[in-house]
Amino acid sequence: MGRANKVVLAYSGGVDTSVCIPYLKHEWGVQEVITLAADLGQGDELEPIRQKALNSGANESLVADATAEFVKDYAFPSIQANALYENRYPLSTALARPLIAKLLVEAAAKYGADAVAHGCTGKGNDQVRFDVAIAALNPDLKVLAPAREWGMSREETIAYGERFGISSPVKKSSPYSIDRNLLGRSIEAGPLEDPWTEPLEEVYLLTQAITETPDQPDYVEIGFEHGIPTSLNGETFSSVELISQLNQIVGKHGVGRIDMIENRLVGIKSREIYEAPALLVLIQAHRDLESLTLTADVTHYKRGIEETYSQMIYNGLWYSPLKAALDAFIQQTQERVSGSVRIKLFKGTASIVGRKSTYSLYTPDLATYGADDQFDHKAAEGFIYVWGLPTRVWSQKVRQS
Ligand code: ARG
């Protein structure tokens, strides 16, 4: 009796997930392996990947087009939450995991599998995200992670695969470990492991080097409805189209690169490079529109929620009661976050240069320094007396003793 009878394996077409197929069958006694490749807008051709799974010994090879769902149900809530892990990483990789987990669990139900599997190693965040998300969606499903246990080096993995007709990468394999989807790219390993070493230009694909960016700025106007981006320069786009268009424009100006040392959940610090042009600009624009349309106390309170929310996404708690409760809070705040933000893209910077909303709380009569000022200046005096009273009392006490 093997570890499981029928397994749905998350499949990318790479060496590791390909080797998982014969490994599950021959080492772990799995009878039937069904692979599932999710299209999350990573730009890969899915048909060759589907074929490769079959050639690697899969009994069945599934492809799920999940890009629209990815944007609508994962990226947009994250934008509404202005989610940035450690204030910088817009979670482009992390957001994909709970969706892939959901697709695995659904396929397992449909095909009567008793386990699901993924190709994550034991050092990263993604294994945690998969395992915990799967447990949340179906606590009875077994989760198998061959690459976490097999202990093979890169070379050994390739050699193992060759025994089963899995071709090793034709081109000299890249020293980097790369994850990609519509929201962006995550690049690590190789020369990047030295935090003092500047990334070579070759790691970037979605963003131009500043030396190559246009010498004239571009302006983009992003329209939001209830905190969700719906238009670019006045034109309505589907969610997927909007992100890919924006990735192009923003990336062209060299905006959207991040080079950071981040704290993984498993206790390791790692050096990560990210490219997430559209996502970063959307969060920046969304936050700005909130500053126009939310009251001060909601804006300030929401910051704390955003911090927790970002950590929960990073730490694999997408499907959890606290996350659901925070979602309810965030949704409530987005009711009037509708309007437009104007952004100037130039030489690696995205500057917000204008914002407007029918729900704007900005009141010119109160804000103006001109003659039509409606603010009651005399009222300030009494306010300051009361506001400063505790400080005054404290200071008097300190000086006496
Ligand atoms: N550190 C990022 C995260 O935990 C990205 C990891 C993605 N994997 C990769 N092969 N670069 O979300």
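Described in the following lines is the structure provided in the data block.

### Section: the site of the ligand
Part 1 of the argument: Around the ligand, the surrounding shell holds 14 residues, and the nearest of these are Tyr 89, Asn 125, Arg 129, Ser 177 and Glu 262.
Part 2 of the argument: Here a nitrogen atom of the ligand and a side-chain polar atom of Glu 188 are 3.1 Å apart.
Part 3 of the argument: In this structure, a nitrogen atom belonging to the ligand sits 2.7 Å away from a side-chain N or O atom of Glu 262.
Part 4 of the argument: In the complex, 91% of the free accessible area of the ligand, which totals 350 Å², lies under the protein chains.
Part 5 of the argument: Elements represented by at least two residues in the shell around the ligand include exactly strand 6 (177-181), strand 7 (184-188) and strand 12 (269-275).
Part 6 of the argument: For the shell around the ligand, the leading source of residues is strand 6, giving three residues.

### Let's talk about the sheet that holds strand 3 (residues 60-65)
Part 1 of the argument: On the basis of which strands lie adjacent, the open sheet formed by five strands has the order 3-2-1-4-5 and parallel pairing. The outermost strands of the open sheet, each flanked by one partner alone, are strand 3 and strand 5 (142-144). When strand polarity is set aside, the average angle formed by the axes of neighbouring strands in this sheet is 25°.
Part 2 of the argument: Relative to the sheet, helix 4 (residues 96-111) contacts strand 1 (6-10), strand 2 (32-39), strand 3 and strand 4 (115-117), its axis offset from that of strand 1 by approximately 155°.

Rules of the game
Each residue is numbered by its place in its chain's sequence as written, counting from 1. This being a predicted model, a pLDDT of at least 70 is required before a residue's local features are given, and a value of 80 or more before pairs of side-chain atoms are given or counted; all residues contribute to the totals for chains, interfaces and linings. The basis for the side-chain values is all heavy atoms of the structure; hydrogens and waters are excluded. Whether a residue is near a molecule or strand depends on its heavy atoms: if one lies within 4 Å, it is near. Here a polar contact is recorded for every N or O atom pair within 3.5 Å, except that within protein the pair must consist of a potential hydrogen donor and a potential acceptor, and residues adjacent in sequence are included only if both atoms are side-chain atoms. Every accessible area reported is derived by Shrake-Rupley at a probe size of 1.4 Å, with residue values counting cover from the shown protein chains alone. Secondary structure elements follow DSSP: runs of H or I no shorter than four residues count as helices, runs of E no shorter than two count as strands, and numbering proceeds from the N terminus. Pairing between strands is defined by DSSP: at least two bridges between them are needed. Here the axes come from fitting lines to C-alpha atoms, over the contacting stretch only for helices, and the angles between their N-to-C directions go from 0 to 180 degrees. By definition in these notes, contact holds between two residues if any of their heavy atoms fall within 4.5 Å.

Interpretation note: all reported values are geometric properties and have no functional meaning in isolation.
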